[in-house]
Each structure stands twice: as structure tokens, then as C-alpha cells.
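# Geometric and topological summary
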Amino acid sequence: MMSFRPLVTRLLAIKSDVFGGISRNFATNVDLPKIGIGVNYRRRIKFPDEYTVKPLDVQNLGGRDPVTGRKIVNGIGGGIKHKYHWVDLKRTGPKEGPPLVEKVLEIIVCGNRGAHVALVGSGDRLRYILASENMKPGDLIETSGHIPRNAVRAKEGDAHPLAALPVGTVVHNVEKFPGEGGKYGLSAGTFCTILRHLGDRIIVQLSSKREVSLARECMATVGRVSNVIHNQIPIGSAQRSRELGNRPRSGLWQRKTGRHGRKLRKLPPIQEVNKSVAKERKTISLTMSLS
Amino acid sequence: MRLTHSLWKQHLGRMAKKNWKAHGKKVIQESDELKNLEQLGLPVIDINEVVKDMKIVERVKEEEPKDLKHWVEPPPVMNNLHPLYKARQCYMHKNNTVLIGGLDQAKIIAKAVEVKDGLPKMLEEKIEQLNVADMHKLVKRSILASHVFDAQQVKLPKLHDPSRPAWQFPRVYGISDQRRNYLLCEKLVQLCNSWSQKSSALFAVNNGRCVVPIEKEGDLIQFDLTLNMALLSSVPHEKFSSQEEEENIYKIDLPDIYPLKHTVSCEKTHFYESKDIFPVNKFSKFSHLHTIIIHHNETQIKNLHETKVLEGQLVGRCLLHGFAAAVSQARQLFGEVEKELPFPVSIQCIQTDGRLFDFSIFQLNTLDLNGSEGMKNMFWVLPHLELFSLCAYDEGRPTLQGYNPEVLKNFMAFCTH
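These numbers come from a predicted model, not from an experiment.

Criteria and thresholds
Residues numbered from 1 in each chain as written. Chains lettered and ligands numbered in written order. Predicted model: local features only at pLDDT ≥ 70, side-chain atom pairs only at ≥ 80, totals over all residues. Heavy atoms only, no water. Helix = DSSP H or I, 4+ residues; strand = E, 2+ residues; numbered from the N terminus. Rg over C-alpha atoms; globule rule 2.2 N^0.38 Å. Areas by Shrake-Rupley, 256 points an atom, 1.4 Å probe, with all protein chains shown as cover. Lys, Arg positive; Asp, Glu negative; His and termini not counted. Charge placed at Lys NZ, Arg CZ, Asp CG, Glu CD. UniProt positions renumbered as here; feature names shortened; annotations may be inferred. Core = buried A, V, L, I, M, F, W, Y, C linked by side-chain atoms within 4.5 Å. Buried < 20%, exposed > 50% of the residue type's maximum accessible area, 1.4 Å probe, protein only. Contact = heavy atoms within 4.5 Å. Axes fitted to C-alpha atoms, helices over the stretch in contact; angles between N-to-C directions. Parallel < 35°, antiparallel > 145°, perpendicular 65-115°, else oblique. Left-handed = near helix turned anticlockwise from the far one by under 90°. Buried area = accessible area lost by both parts, 1.4 Å probe. Salt bridge = Lys/Arg side-chain N within 4 Å of Asp/Glu carboxyl O. Nonpolar A, V, L, I, M, F, W, Y, C, P; charged D, E, K, R; others polar. Pairing = 2+ DSSP bridges. Right-handed = clockwise from strand over helix to strand, strands pointing away.

When its secondary structure is counted, chain B shows 10 helices and 15 strands. Expected size for 417 residues packed as a compact globule is a radius of gyration near 22 Å; at 35 Å, chain B overshoots this value by more than 25%. Reported as C-alpha extents along the three principal axes, the dimensions of chain B are approximately 120 × 65 × 50 Å. Put simply, chain B shows about 24,900 Å² of open surface, and 53% of that area lies on carbon and sulfur atoms. Of note, chain B has its 52 positive side-chain charges centred 9 Å away from the centre of its 52 negative side-chain charges.

Under the feature "domain: Large ribosomal subunit protein uL2 C-terminal" (unreviewed entry), the UniProt entry names residues 154-268 of chain A. Taken as a whole, residues 154-268 of chain A contains 5% helix and 28% strand, while its terminal C-alpha atoms sit 29 Å from one another.

Here we take up the nonpolar core. All names here are of chain B. The biggest cluster of nonpolar side chains holds 44 residues, and the ones touching the most others in it are Ile 214, Phe 223, Leu 289, Leu 320, Phe 323, Phe 362 and Leu 364. For this core, the secondary-structure elements that each account for two or more residues are α4 (102-110), β6 (204-216), β7 (219-233), β9 (288-295), α9 (311-334), β10 (340-352), β11 (356-366) and β12 (377-381). In terms of residue count, α9 provides more of this core than any other element does, 10 residues in total. Setting aside chain neighbours within four positions, we find Phe 323 in contact with Ile 109, Ala 110, Ile 214, Phe 223, Phe 362, Leu 364, Leu 369 and Asn 377. Among the nonpolar cores identified, the runner-up in size contains 43 residues, and Leu 123, Met 135, Phe 357 and Tyr 403 belong to it.

The subject of this paragraph is the packing of helix α5 (residues 121-129) of chain B against helix α10 (residues 405-416) of chain B. Axis angle and axis distance: for two packed helices, these are the angle between their axes and the distance between the axes, and together they describe the pair. All names here are of chain B. At a minimum axis distance of 9 Å, the contact between α5 and α10 shows a crossing angle of 120°. Taken as axis vectors, α5 and α10 run oblique relative to one another. Between α5 and α10 lies a crossing of right-handed hand. Counting all contacts with α5, which are made through Leu 123, Lys 126, Ile 127 and Glu 128, the residues of α10 involved are Lys 409, Asn 410, Ala 413, Phe 414 and Thr 416.

We now examine the interface of chain B and chain A. Taken together, the 28 residues of chain B in the interface contact 33 residues of chain A. Summed over both sides, the interface between chain B and chain A buries roughly 2,800 Å², with carbon and sulfur atoms accounting for 62% of that surface. At the boundary of chain B and chain A, one finds 1 salt bridge. Among the ionic pairs, Lys261(B) bridges to Asp124(A), the shortest N-O distance being 3.9 Å. Elements supplying a minimum of two residues to the side of chain B that touches chain A: α1 (12-23) and β1 (25-27) of chain B. Take the side of chain B that touches chain A: its biggest share by element is 6 residues, from α1(B). Of the residues in the side of chain B that touches chain A, the class split is 13 nonpolar, 7 polar and 8 charged.

With that settled, the discussion passes to the pairing of β10(B). All names here are of chain B. Two strands pair when backbone bridges link them, and β9 and β10 are joined in this way by 5 bridges, in the parallel orientation. Following the sheet pairing, Ile 294 is matched in β10 by Gln 351. In terms of handedness, the path from β9 via α9 over to β10 forms a crossover that is right-handed. Across 9 bridges, the pairing between β10 and β11 is antiparallel.

Moving on: the environment of Phe169(B). Position of Phe169(B) relative to the elements: it lies in the loop between β4 (154-155) and β5 (173-174). A C-alpha to C-alpha distance of 7.4 Å links Phe169(B) and Lys158(B), two positions 11 residues apart in sequence.

Given below as C-alpha cells:
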């Protein structure tokens, strides 16, 4: 049986030195990963084994998949390299007894994110956390995992479980699953709102105005994320955009097609965030190779 | 009869390929067959269980012979079999460490208090009486020689303007900070020698290593410091404190850095050798540390989180160098001392970065560093003194502006005390 891959492309298969891929054309069967599910194609950081406060070196990816080397996202490349501050998104506190008290030592402007980063220390340990709106050096922030009968008076920068905070509190760095680190409300100026309690679940409104049902023990930090005016500052120039790591793009948009421009949609129903037990589905791939 | 190839409107090859790509992946759907069979009572055996014991003999790959000519010894594995491994954790304080808690944290580690603003009274009187008017011209010449005229040309750190992050400055060449500090101190010490025969500056140790482990609140802290220049004398210092100051010690509290611990920002390690090293031979005639001069090299001394080193952190560094030198000296004089010393051991300490000078004195009264009650050690420090405001090539001309004569007076007083 004839091979569907033309002779020409087989002979011209070029191996790239840097990424180790093969040449791409219409004949090659390439499965690219999906974008928009939380994988970063801008930069790669080599994390050491142990947590450290030392700023880490960054390797720009230029929209490429770090594993295969193929270009996944267009429009990313170059830009000034900023050292990466390893932010600890887990605010775990003691479930009983006095809370963990940490002192804010410095507020650092991080080039890898819009939010500011706070260097905090307690005992021997130094770590970075996301700075909240009004945080300043010298502040003392508390972290507690205890859920009391009556709601705790919320103080900005403190972290408590969702059930411990009064309804209507503005929070950020909200966990999806207890103990796994904050997932919602991490960008500059964002915040979530605790709307109501529904049985043993807590309904939280995200910064995109979607509503989500979370477990009671999920930790959340009170207040808004720092650098609130971040989204109001225009980039300003093409050069500044390049400094941010954005390659030139075409501004082409067409009227009347219904594709471009702002969409006004109904809010989806409340999503109950639960770990689904996914069935393992086996897949077999059918090919024509005879070797 | 058609002689030409018929042209299809659609490229069927591409269609076929897309077909294979789309339908080539089959997801095996679960069917109810297994359930039905189990209900009927028929045994269901997984084929993999049957095949498990059947082994596929794979051809053994021949191992390539090792290239012994280019063999490089692998780096030592840092585990508990390493020769330097100790079960007990040690907080290392190296020469370039600066504490995040600054002067307050240094005071807690050394259990030291500032009994008076500025230097001790007897030194202040001496500084006022000192007449070094004829030396200033020579000092200015020395400053220019160490900052501007020296022949060394190395790449200096890249200049960076935070407001213009993309701008690449032309690379600057000049004298490295280590050499500049060394030259300046060397010349100032030489001037002290020539001015006064009584100067202790006649006998000095360059880059002496001082290693001293201490116990505090159940923690093992080890200082591994380089005393860039240690001036020696044959007799120890007399105590700097007055009777009144000694009584005041008990009234002054140590600073509080809650919720931080005194060991925060110290490097933790399990791989160390706990030993005492004093920079001078015990049996030498000049075995007392009189003054230590330490350099603040901007390229080497950095915070762990790489933000700017603050003034308080530098003064704290000065304190700890004085403290470590004093402890090392005390151990050399008195052996393994636990608490009270027969007489207080004092060290004068000068820290410089080529322009800013910190003059301080550390008096070690006790080696009992636990708690905050009881006898404490004493520390005197002057605020930063600028030697000059500008010393560089300005429009092609070597310029020295803003010369401060106070620095020389203090320097002389320290060296000739």
C-alpha cells in the first residue's frame, strides 16, 4: 500500500537543534496541545527541589511547547527577562490554637505578573505571597484554618477558610480544593465575593462575575490583589508591547461577520467545583505503517 | 479516448489523509457484555492475567565500553553519607551575608545593646584633640590614587535604569570595588604608620579568616568571616565602658523582631565543619586583634532576595564582624569559656565601601547569649561618615569633591588608640 507521506517531505525532514522537532507541513500529523487551560507558553522556570526566596532565572519560550518545541501560541516572543519570584499560593494555618503570624518585610514589583509580591517572614522561614491592596512593610498578617461558630472579623491580608468569613467579604487567592493552593483571584486588582452559604457549600462570585460553589474548608485571603489600576494603564507604544513579550500582530477585524467585538452573554449556572472521578478511557490509534 | 489525466476538483489524497486522522483514533467504549456474562454466571478472565507469566525474551543490548580517558568524577552526592554531613542543622553566617532584620537582628544574635549614641567618651575626647591638619593633602591624593588613578581596568557591573528597562547602557570599565577598597585602606593605614610610631597599624594581617561557632537558644550558628585587614597589637584593649554605662546595660532591653526569629535569613546547612579558626598564631607576640577593617564590596554583598542592601543591614554586619572577632579572640585567650569572661574583650571595627565609613566598637562582656536578661555585650557606632561626595573623572578631569576631614580623624584615633 502506498504511504501517504510524500517522498519529498520524508527526504527533507529537518531536525531542529534547539527543540528536536521535525519539519511541519500539511502532510505531517501534528497534534498540538489545547491553549487556555492554564499552561504557560511564555516562560519556563527551573524550580529547585526546595523552596527558595532567591529570584530564579527565566527561559523565554516564545509561544513554544517546552516538551515538543512546536509553536502553540502566536504573538509571543522576546521581551525583557525579569527574574522570577517563586510565590507560595498556599496559605495554610493551624486548625486550632493561635493563628500563624507573619510579618510583611517588603513589597516587590514583579516583572512576571501584574500583581505585586510581598516578602513575608515568620520564625526562620521567608517566603513570597501575593500582596493585597493596602499591604505595606511592617504589617502583621495572620493565617488560620479554624472555622469558628461566628464569622471572623475580616482584616485585609489575613487568610481564613471560606466558612469562617462573613458573607459579602471581598477575598482573593481562593482555593478550588482545600489544601491545593489558591486558584481564583490571582491577577492584579482582582477579587472574589462570598455570596451565600448553600448547605455545606459556599457560593463565591469570581472576578468574571461567574458563580462557583466551593467547599467550606477552602482558604481565601481577605482583600483585593494589589496594583488595582493595572488594567487601566494602557500599554502606550509598540515598543512597550515588545518589551512585555508580545510580537507584532495584525489588528484585522471584519464588520458584520458576528465574530469580532464584545459579546454579551447570559451567566452560566453555578458550577459546583468537585473532583470528578474520570473513567479511564482507552484509545487505540489506527495507522497505515507496515514496519 | 482520453489522453490526459483527469483532474479532480478536490484533492482526494488530502481527503483520505484527513479521514485517517479523524477516524484513526478510536475510543474503546465500554459495553454491557461483561455485566451480562457475569449475571449469567460465566467466568470472565482478563487476557493480560493469562499472558502475564509468558515472558518475551529481549535481546540484551551490548553496553558501550566506558570512555575512561574523558571520565570525570561525578560531583559528591549531598546526602547523609557525605563526609561533612551532620545530623544537627547549622546556621551559617558567611562574609557576604546580610541579615533581613538589620541591626536589630544582629543585636539579638550578639546580645548587644547600644549604651550611648556615638563612640565612647574617651575616644571622642581623643578624636577632638587629634591634630592631623597636615595629613589631609596626602589623604586626598590617596583617595584619587585608589579610585581613579589605579591601572586596573575591569568590567564593572551593568548600569540599569528602572524607569527605562529596555535601555542598554554602554559598558563601564574601571577599578573593581575589591581593589579600590583594598588600596584605600592600605594607604590610610600606611599614613597612620608614618604619622604615629605608636600606631598598631605596623602589624597587620590581610584577609585573615575567622571561623567561630556559637550556641544560642539551642541553635548552632557558625560565623565564617574574612577580616579584610586586621591590625594587631601585643596587649589587649582596656575596656571602653564607664561604670555608669555598665550599670545601664541591665536597664536597656534587646530589640524585638517578632514574629521573626534571630536566625532568619541565615543559610541553613547540614554539611559543615564546626571548628575555631583565629587569624593569628597563638604564640606570636602580636596576637591581639586591635582593629578590624572590613570591606563592603557592592558586587559581593547582596540580600538573598536581591533587593537593595539598607544602611541598618550594613551596620548589623559591622556589629557581627566585631562580635565574631571578639569571641574568637576570647576563645584564644581563655580557652572554652561558657559565660563570664575574666575581663571584657574589645574590638574596634571600621567598615568601608570606598566612600562611606562606619566606625564601631564591640565589647564582649559575656558569652552567655541565651535569653535577654543579665549581662549583655556593648556596641558603640557612629552614623555613616562620607569620605567624599564625588571622586571620578568629571568631563575628563580627575575630580574629588566634598572631602570630609572627620573620617581621617576617626581613622587615626582608632589606629593609634
